[in-house]
Amino acid sequence: MDLDLRKLRYFSAVAEHRHFGRAAQALFIAQPVLSRQIRAFEQELGCALFVRSTRSVELTPAGRQLHEEARRITTVVDTALGRVREAARGEQRLVVAFSPGLHVSEAIRAFTARHPEVAVDVLPMRWWERDTPLRDGRAQVGYLRCPFDEAGLRTVPIGEETKLACLPATHPLAGRESLVLADLDGERMLDARTHHMSSLEVKFELIASGQGVSLVPKSVAASYSRPDLVYLPVTDLPPVPNRLAAPQGEATGLVADFLDLATEVLRRT
């Protein structure tokens, strides 16, 4: 079957609002129309996406999976359409994503000096994101912190960075000068695999309130100094490599030039 993007957007609205009426209002369509479109979409897919009752609308397992897929699909489509419109207007744009704590300004200055006709945008990545902006098309270049899936990407090493243990100031270990990994056994670790929190600020609030601990890059720790948090070196924790990356299919032209300039800048620093 061909995927109907309009129905996918309708589905996403209902999935976000968990209510047909509010979703219809957000979409500026009548609720009966929305209900018919969702039923037709379910028939096309051959599975139920929602469990409906008089009081609530909940996602089925298939609906939850589609909700995750829909976010990626609509992001890719919207980004591609935006680039098409820019090309039609004769505009050129380069988007550079970066993991928290990594700095891109020097490379962007060098690139802009050589290509003043190209608009450069920066995309701060959420702390749990690895390589997502390069996969869904939001960015053509990324300053990424390992580990991430390097398949299909051209990568350039850009150094490495130590991680520190972030603890609440009231933690029994907070008075130590340093730790080893074994000291953290049994602690609730707030990490990217299990906790998709909305921001680093939320993560640090949870740590400060005693909800867990985390291992954070030294550059991130330097930007989030506060009296209710303590950062301690972990002597047996290996450093984390950082990479400059771009999709192999896009690592030509302006993107390739940015990679080369960024590498030159790194060699000078």
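Note that this is a predicted model, so its numbers are computed, not measured.

Here we look at the overall build of the protein chain
Okay, step 1: Helices and strands together make up the secondary structure of the protein chain, namely nine helices and ten strands.
Okay, step 2: Counting every position in the protein chain, which comprises 269 residues, the buried fraction comes to 43%.
Okay, step 3: For the protein chain, the proportion of contacts with a sequence separation of at least 24, taken over those separated by at least 6, is 69%.
Okay, step 4: As displayed, the protein chain has an accessible area near 14500 Å², and 53% of this comes from carbon and sulfur atoms.
Okay, step 5: Where the 34 positive side-chain charges of the protein chain centre and where its 34 negative ones centre are 5 Å apart.

A few points about the packing of helix H2 (residues 20-27) against helix H3 (residues 31-45)
Okay, step 1: Where H2 contacts H3, the axes come no closer than 9 Å and their chain directions differ by 105 degrees. When the axis of H2 is compared with that of H3, the two are roughly perpendicular. For the pair H2 and H3, the contacting residues are Phe-20, Gly-21, Ala-23, Ala-24 and Leu-27 in the first and Gln-31, Leu-34, Ser-35 and Ile-38 in the second.
Okay, step 2: The class makeup of the residues in the contact of H2 with H3 is six nonpolar, three polar and no charged.

Cut-off values and rules
Residues numbered from 1 in each chain as written. Predicted model: local features only at pLDDT ≥ 70, side-chain atom pairs only at ≥ 80, totals over all residues. Heavy atoms only, no water. Helix = DSSP H or I, 4+ residues; strand = E, 2+ residues; numbered from the N terminus. Buried < 20%, exposed > 50% of the residue type's maximum accessible area, 1.4 Å probe, protein only. Contact = heavy atoms within 4.5 Å. Areas by Shrake-Rupley, 256 points an atom, 1.4 Å probe, with all protein chains shown as cover. Lys, Arg positive; Asp, Glu negative; His and termini not counted. Charge placed at Lys NZ, Arg CZ, Asp CG, Glu CD. Axes fitted to C-alpha atoms, helices over the stretch in contact; angles between N-to-C directions. Parallel < 35°, antiparallel > 145°, perpendicular 65-115°, else oblique. Nonpolar A, V, L, I, M, F, W, Y, C, P; charged D, E, K, R; others polar.

Taken by themselves, the reported measurements are silent on function.
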